[in-house]
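# Topology and contacts: notes
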Amino acid sequence: MIRQSYPLLLVIAAFFACQGTETEDASEPINLELEVTDSVRIHYVGVLSFMDIQPDMDRALFFDLQKRSFVSTDLQGNILGQFSKDRDSPDGFGSFPMAAGRFLDQNRIQLVSMYGVFEYDLEGNLLRSAKTPKDEIKGFSGRMDAIREIKQVGDQLLLTGLLPRTEYNKTQPEFYDTFQQLVWVDPQSGSMEQFLGLDSASIFQNNRSHEPTTLSATFDIRDNELFVISGGDPYLNVYELEEPYKKLKRMPLELTDFQVNPGEDPQKADPRAISFDPSYGMISKLTIVGDYLLINYTTGYDDLDREEYQSIQSQEQWQVFNTRVGEKYKPRLQVLSLEGEKLLDIETPDRLGNVFVSRDGNLWFNVLPNPDVEEDFFQINKVEIKKAGINRL
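Quick caveat: nothing in here was measured; it's all calculated off a predicted structure. (Residues numbered from 1 in each chain as written. Predicted model: local features only at pLDDT ≥ 70, side-chain atom pairs only at ≥ 80, totals over all residues. Heavy atoms only, no water.)

### What about a negative patch on the surface?
Note the cut-off: Every patch collects residues that have over 30% relative accessible area and no salt bridge, joining them within 9 Å if they carry like charges and within 5 Å if they are nonpolar side chains (Val, Leu, Ile, Met, Phe, Trp, Tyr). Here the accessible surface of atoms and residues is derived via Shrake-Rupley with a 1.4 Å probe, and residues count as covered only by protein chains that are part of the display. Throughout this description, the term salt bridge denotes a Lys or Arg side-chain nitrogen within 4 Å of a carboxyl oxygen of Asp or Glu. Counted as positive: Lys and Arg. Counted as negative: Asp and Glu. His and the chain ends are not counted at all. By convention, the charge on Lys lies at NZ, on Arg at CZ, on Asp at CG and on Glu at CD. Numbering of helices and strands runs from the N terminus; a helix is a DSSP stretch of H or I covering at least four residues, while a strand is a stretch of E covering at least two. Each residue is assigned to one of three classes by its accessible area relative to the maximum for its type, calculated with a 1.4 Å probe on protein chains only: buried under 20%, partly exposed between the two thresholds, exposed over 50%.
There is a patch of like negative charges on the surface, built from D223, E225, E240 and E242. Tracing the chain through its elements places E225 in strand β16 (residues 225–230). Residue E225 is classed as partly exposed on the basis of its relative accessible area, which comes to 30%.

Here it is as structure tokens:
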């Protein structure tokens, strides 16, 4: 076990305790700290992406980007199985999953792609599939890591369902008017149903052209409420989980130096192009951990750096610029209450990556490789959000 603390110096909330009369109210600041309380190290030569961990099953799942193979391990770091699937193989799931694969039990891995729902054992033998009806197949974007996860809701699966292109393109208002952020998937039939349009007050409804990647929603569920953030739109939206998905609230996020992308003149935008502009902010993931909401985001660049970014014309210029802005603009984490109140906003601690999951009230982060030392292992850390400095009554 590896233990390490990251004290968060920002005072994030006031703790109010009443004793005696109302005039004897006292308030004390509450500090939070992130503490690494456990880790899993997998000795492996290659680049792995973190997909899933299930401590109660003693299982973790990764994806090798170069070999395009799934790698399953126990929590002692022992590799239990590996497999890859060709796009067109009879037991394949297509080119990529729509979200990270997940364990159903110690010996079954579930994948969801635009072609349906697939279950494999640890060696890649197909155990079961429910293929999407041909007339329902759509070109959903996918992820090879836990930035996007499969959520089980009753007997249905819930995922982000980004369609970069529909019958409309990004330069047309109808693209945004008809855009659906999430998708229900029936694991028995493979049928998929899109739902949840963009909020009418969203930045994406400003009659400008936006890159489809910036609309990619991140979400989580608590009780019967659906928490959603729409990519580059810095608002937390909360809905009832059941149809018609009544909006309960929409709250602005207080993000540090977050640069909102206003979009491009539709007359100048290329309707066929799909790109990403890092000079504007992006919210990558929202997850619920215990009594907190956790999001990670990038801020984007200030005006001068954005102007320089847009004027880069050579690979050498890009390398110099990328090194400088990588030091200047660090990814950030924000902790909120379940009511949407900001409690904490910090730079992501050194070596913690941007891929994380919430399991049993704790977080598991991928660990970035040491740039100064060649490593033959991949590591994930268990991270707890802890309160400190409270005088118990």
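### Digging into the side chain of R306
Worth spelling out the cut-off: Pairs of N or O atoms are called polar contacts if they sit within 3.5 Å, as long as, within protein, a hydrogen donor faces a hydrogen acceptor (for residues adjacent in sequence, only side-chain-to-side-chain pairs). Note on contacts: a residue pair qualifies if any of its non-hydrogen atoms lie within 4.5 Å across the two residues.
Along the chain, R306 falls in helix α2 (residues 303–311). Only 3.0 Å separates the side chain of R306 from the backbone oxygen of Y301, close enough to count as a polar contact. Setting aside chain neighbours within four positions, we find R306 in contact with Q259, S279, Y280 and Y301.

### So, the sheet that holds strand β4 (residues 59–64)
Selection rule: By the convention used here, strands pair only if DSSP detects at least 2 bridges between them. As a rule, the C-alpha atoms of each element are fitted with a line to give its axis, helices using only the stretch in contact, and angles between N-to-C directions run from 0 to 180 degrees.
Across the sheet, four strands lie side by side as β3-β4-β5-β6; this open sheet has antiparallel pairing. Each having just a single partner strand, β3 (48–54) and β6 (79–84) make up the two edges of the open sheet. Looking at each pair of strands side by side, their axes are set apart by 20 degrees on average, direction ignored. Where strand β5 (residues 69–73) meets β6, five bridges bridge the pair, whose relative direction is antiparallel. Bridging across to β6, S69 finds its partner in S84.

### Details of empty space enclosed by the protein
Rules: A 1.4 Å probe that fits into a set of points on a 1 Å grid over the protein atoms alone but cannot get out defines a cavity; an open set with protein on both sides within 12 Å along at least five of seven lines defines a pocket, and lining residues are those with an atom within 4 Å of a point. Grid points are joined across faces, edges and corners, and a volume is the space filled by probe spheres set on the points. Lys, Arg, Asp and Glu make up the charged group, whereas Ala, Val, Leu, Ile, Met, Phe, Trp, Tyr, Cys and Pro make up the nonpolar group; the residues left over, Gly among them, are polar.
One pass over the structure, following the stated rule, counts five cavities of 30 Å³ or more. By volume, the largest cavity amounts to about 70 Å³. Along the walls of the largest cavity sit I147, R148, E149, K151, T160, A217, T218, F219, K285 and L286, which together make up its complete lining. Where the lining of the largest cavity is concerned, the elements lending two or more residues are β15 (217–222) and β19 (280–289). Sort the elements by how many residues they give to the lining of the largest cavity and β15 lands first, with three residues. Of the residues in the lining of the largest cavity, the class split is four nonpolar, two polar and four charged. By volume, the second largest cavity amounts to about 60 Å³. What lines the second largest cavity is simply I203, F204, H210, T214, G232, V260, N261, F276, D277, Y280 and G281. Taken together, the residues that form the lining of the second largest cavity break down as five nonpolar, five polar and one charged.

### Topic: the side chain of Q110
Along the chain, Q110 turns up in strand β8 (residues 108–113). When neighbours within four sequence positions are excluded, Q110 is seen to be in contact with G101, R102, L104, V117, F118, E119, I150 and L157.

### A few points about the nonpolar core
The criterion, for reference: Here the nonpolar core consists of buried residues drawn from Ala, Val, Leu, Ile, Met, Phe, Trp, Tyr and Cys, with membership extended through side-chain atoms lying within 4.5 Å.
Within the largest apolar cluster, 32 residues are counted, with the highest numbers of intra-cluster contacts made by F50, I53, F62, F70, I109, W364 and I380. Every element with two or more residues in this core is listed here: β2 (26–43), β3, β4, β5, β8, β9 (116–120), β23 (352–359) and β25 (377–388). Dropping the residues within four chain positions of it, I53 is found in contact with R59, A60, L75, V357, R359, W364 and I380. Membership of the second largest hydrophobic core comes to 17 residues, among which are V289, L294, L343 and F356.

### As for the sheet that holds strand β7 (residues 102–105)
Reading across from one edge, β7-β8-β9-β10 is the order of the four strands in this open sheet, with antiparallel pairing throughout. Of all strands in the sheet, those with a lone pairing partner are β7 and β10 (126–131), marking the two edges. On average, each strand axis in the sheet is tilted by 25 degrees relative to the strand beside it, whichever way the strands run. With three bridges joining them, β7 and β8 adopt antiparallel strand pairing.

### Some points on the pattern of salt bridges
Pairing between side chains of opposite charge can happen when the charged atoms of each approach one another. Counted according to the given criterion, the structure contains 24 salt bridges. Of the charged contacts, one joins D305 and R324 as a salt bridge, the two residues approaching to 2.7 Å between their closest N and O atoms. Highlighted residues: D305 in helix α2 and R324 in helix α3 (residues 315–328), separated in sequence by 19 residues. By relative accessible area, R324 is classed as partly exposed at 34%. A network of salt bridges, in which partner residues are shared, links D302, D305, E308, R324 and K328.

### As for the packing of α2 against α3
How we decide: Small angles under 35 degrees read as roughly parallel and large ones over 145 as roughly antiparallel, with 65 to 115 read as roughly perpendicular and the rest as oblique. Put simply, a crossing is left-handed when the front helix is turned counterclockwise from the back one by less than a right angle, and right-handed when it is turned clockwise.
Here α2 crosses α3 at 155 degrees, and the two axes come no closer than 11 Å. Considering their axes alone, α2 and α3 lie roughly antiparallel with respect to each other. Between α2 and α3 the crossing geometry is left-handed. The segment α2 lies against α3, with D305, E308 and Y309 engaging W318, F321, R324 and K328.

### Thoughts on the pairing of strand β18 (residues 247–252)
By the bridge criterion, five bridges tie strand β17 (residues 235–240) to β18 in an arrangement that is antiparallel. Directly across from N237, in β18, lies its bridge partner R250. Hairpin connection of β17 to β18: six residues between the antiparallel strands, including Y245 at a positive phi of 60 degrees.

### Some words on the confidence of the model for the chain
Condition: You can read pLDDT as the predictor saying how much it trusts each residue, on a scale of 0 to 100.
Overall, the prediction assigns the chain a mean pLDDT of 90, with 91% of residues at 70 or greater. The model gives residues 1–27 a pLDDT under 50, and that stretch makes 58 contacts with residues more than four places away or in other chains.

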